Structure formats: structure tokens, C-alpha cells
Amino acid sequence: MDHGQMDHGQMDMPMPGGIPLAGEGTDRDGLNLDVLKVPLGPYLPLWPAGLVLHCELQGDVVFGSAIDFPFGAPETGPAPGPDERASVIHHLDLASRLLRLAGAAASATRTRLIRDSALDGAALDQCRTELQSELARIRKNWLLRRTLRGVGHIPGGSGLPGLEGTDVWDRLVGMFETAAAGTAAATGTKAAAHTTGPRGAGDPAQKLPDLVRGQELSVVRLIVASFDLAPAARTAGVSG
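Residues numbered from 1 in each chain as written. Predicted model: local features only at pLDDT ≥ 70, side-chain atom pairs only at ≥ 80, totals over all residues. Heavy atoms only, no water.

### Concerning the overall build of the protein
So, step 1. Of the regular secondary structure elements, the protein holds seven helices and four strands.
So, step 2. Listing each helix as α and each strand as β along the protein from the N terminus yields β-β-β-β-α-α-α-α-α-α-α.
So, step 3. Expressed as a percentage of the 240 residues in the protein, the buried residues total 44%.
So, step 4. By sequence separation, contacts in the protein at least 24 residues apart represent 58% of the contacts at least 6 residues apart. (Helix = DSSP H or I, 4+ residues; strand = E, 2+ residues; numbered from the N terminus. Buried < 20%, exposed > 50% of the residue type's maximum accessible area, 1.4 Å probe, protein only. Contact = heavy atoms within 4.5 Å.)

Here it is as C-alpha cells:
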């Protein structure tokens, strides 16, 4: 076998786990760098169920991506008219996931405990008091604010009513405010972080490719976690 005549650049060899070898592509500075295609999801800790984000990476920076729902595109956000307890549980789920990814482990744990108390039937007034105290702590966490401020900013005219002008920090605070209000449609809350109904043009998932372009993978996960991309919440099995 004449190894000297082998063209390794034309070989299409998969890596373990089915991930292809890196190809080549031009980065934003005009340099020819390796490009690796990596899917995020649908089974990933602290990741929306059923979502796949197909990323093209140069190093750990996403320069291109596409979304997919391999099990079918679910509706997003709480179902119409969820009860107060379901809303508290749902939004604290979202908040604890985002806090965990942001490295605020203590806040994430306390938020999860409040969520578990609501799920176990604790008085909602007591749960709201606790989550408002936790929100006060979070507002004073300057490191967390600095980490999330400006990340995943949604400009005006993006077609996402209620989310324009927000960043990951705003959407985290919005999760707590919505949970404290006890309903999915909290009045005066700019960052409820979800839409209700079928996936469409006004759905945050459809905007992810634009929002994550040029971001590092760790930042991409924060952006994704700042939206309610879970299947529609159901009240079945949740007592009022």
C-alpha cells in the first residue's frame, strides 16, 4: 500500500460517538481554521427537552447553527390558563437551571428547594415569600449580574414581543417575577421568557441561530437556558 498517495484531506472518518473530524472554514478574520460540527441536545443536562442545536464550531466559538426538533416541534410555554402552583413550579424550574449554568450553585439550590416545596403542596404564599427573598439576594449578587448583563441581548424589531431589549439577566429576573405573580401572564413583566402556542416566527427558538452566532459554547448554554423552550406545561397531577 502506497501511503504516500493517500489524500488524508479527502477522508471522511468519524470520531468516537459519531462526531465527524474537523473540516476547514474561514473565520471572521479571514483565517482558514478547522470547523467542527457538534449537535447540542436533545439529551443534555440543563437543556430544553427535545431541542437540538446543530453548531459549527471554530475552537469553542459558534459561527453557524441551526435548530431542530427531532421528535416534533412542541408548543412552548405554559398551556392556557395554568393554575398558580403550576406556574410557580414551572418558572422556578427555569430559574434554577439558568442559575446552575451561570455558576450560582447556592442560589440554584435554594431556588430548587422552593420549587420542591411548591410541588409538595406547601402554601403558595410562603413559597412566594421565599422566592422574593431569593430574588433580593440575586439582585445584590454583583458578580452574577456582571456575568449575565448584556449576554443574549435581543434588539428591537426582532419579532419577539415582550422580550425585545432584554438580556439573560433580565430574563432571569423575569422568571422570578413571573413565579411571584403566580400566573404565566404576569403584568408588567417584560421578560416572561416564553410564548404560548405553536412554534413560529415569534418563537425564541427560531431566533437562536442569530443570538448564538459568535458566542462561546458556555455563553450559548446561558442564552438557551434564558428562554422557556420546554414543551407546554400541563396542570394534570398538580394540585391547586
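### Observations regarding the nonpolar core
So, step 1. Ranked by size, the top nonpolar core spans 51 residues in total, and within it Leu144, Leu172, Phe176 and Ile223 carry the most contacts.
So, step 2. In terms of residues, this core owes the most to one element, helix H5 (residues 168-181), which gives eight residues. (Core = buried A, V, L, I, M, F, W, Y, C linked by side-chain atoms within 4.5 Å.)

### Some remarks on the pairing of strand E4 (residues 61-68)
So, step 1. Here strand E3 (residues 52-58) runs beside E4; their pairing, made up of seven bridges, is antiparallel. Directly across from Gln58, in E4, lies its bridge partner Val61.
So, step 2. As consecutive antiparallel partners, E3 and E4 are separated by two residues, and within that stretch Gly59 has a phi angle of approximately 70°, a positive value. (Pairing = 2+ DSSP bridges.)

### Comments concerning the confidence of the model for the protein
So, step 1. Averaged over every residue, the pLDDT of the protein is 79; residues scoring 70 or more account for 69%.
So, step 2. Contacts of residues 3-19 to residues separated by more than four positions or lying in other chains number 10 contacts, the stretch itself having pLDDT below 50. (pLDDT = per-residue confidence, 0-100.)

### Some points on the side chain of Glu134
So, step 1. Examined against the element boundaries, Glu134 turns out to sit in helix H3 (residues 124-139).
So, step 2. Note on Glu134: relative accessible area 1%, which makes it buried.
So, step 3. Sequence-distant contacts of Glu134, that is, excluding residues within four places in its chain, are made with Ser107, Arg110, Thr111, Ile114 and Phe176.

### Here we look at the packing of helix H2 (residues 105-119) against H3
Each pair of packed helices can be described by the angle between their axes along with the distance between the axes.
So, step 1. Running from N to C, H2 and H3 cross one another at 165°; their axes reach a closest spacing of 10 Å. Classified by the angle between their axes, H2 and H3 sit roughly antiparallel to one another. As for the relative orientation of H2 and H3, their crossing is left-handed in sense. In this structure, H2 uses Ser107, Arg110, Thr111, Ile114, Ser117 and Ala118 to contact H3, whose residues at the interface are Cys127, Glu130, Leu131, Glu134, Arg137 and Ile138.
So, step 2. Taken together, the residues of the contact of H2 with H3 sort by class into five nonpolar, three polar and four charged. (Axes fitted to C-alpha atoms, helices over the stretch in contact; angles between N-to-C directions. Parallel < 35°, antiparallel > 145°, perpendicular 65-115°, else oblique. Left-handed = near helix turned anticlockwise from the far one by under 90°. Nonpolar A, V, L, I, M, F, W, Y, C, P; charged D, E, K, R; others polar.)

### Focus: H5
So, step 1. Taking 1.5 Å per residue as the helical rise, H5 with its 14 residues ought to reach 20 Å, and the 20 Å between its terminal C-alpha atoms agrees with that figure.
So, step 2. The buried fraction of H5 is high, at 11 of 14 residues.
So, step 3. A side-chain oxygen of the first residue of H5 lies 3.2 Å from the backbone nitrogen of Trp169; this N-cap is Asp167. (Expected span 1.5 Å × (residues − 1). Polar contact = N/O pair within 3.5 Å; in protein donor to acceptor, adjacent residues only side chain to side chain.)

### Observations regarding the pattern of salt bridges
Between side chains of opposite charge, a pair can form when the charged atoms approach closely.
So, step 1. The tally for this structure, following the rule as stated, stands at 11 salt bridges.
So, step 2. When the shortest N-O distance is used, the salt bridge between Glu134 and Arg110 registers 2.6 Å. Here Glu134, found in helix H3, pairs with Arg110, found in helix H2; they are 24 residues apart in sequence, far enough to count as distant.
So, step 3. You can call Arg110 partly exposed: its relative accessible area is 31%.
So, step 4. A single salt-bridge network, built from bridges that share partners, covers Asp93, Arg112, Arg115 and Asp116. (Salt bridge = Lys/Arg side-chain N within 4 Å of Asp/Glu carboxyl O.)

### Notes on the packing of aromatic side chains
So, step 1. Applying the stated rule across the entire model yields one aromatic pair.
So, step 2. Seen in terms of ring centroids, Tyr43 and Phe71 are 6.0 Å apart; in terms of plane orientation they differ by 45°. Their pairing is tilted. Taken as a pair, Tyr43 in the loop between strand E2 (32-40) and E3 and Phe71 in the loop between E4 and helix H1 (84-101) lie far apart in primary sequence, 28 residues in all.
So, step 3. Classification of Tyr43 as exposed rests on a relative accessible area of 69%.
So, step 4. Judged by relative accessible area, which is 57%, Phe71 ranks as exposed. (Phe/Tyr/Trp six-rings, centres within 6.5 Å; stacked < 30°, edge-to-face > 60°.)

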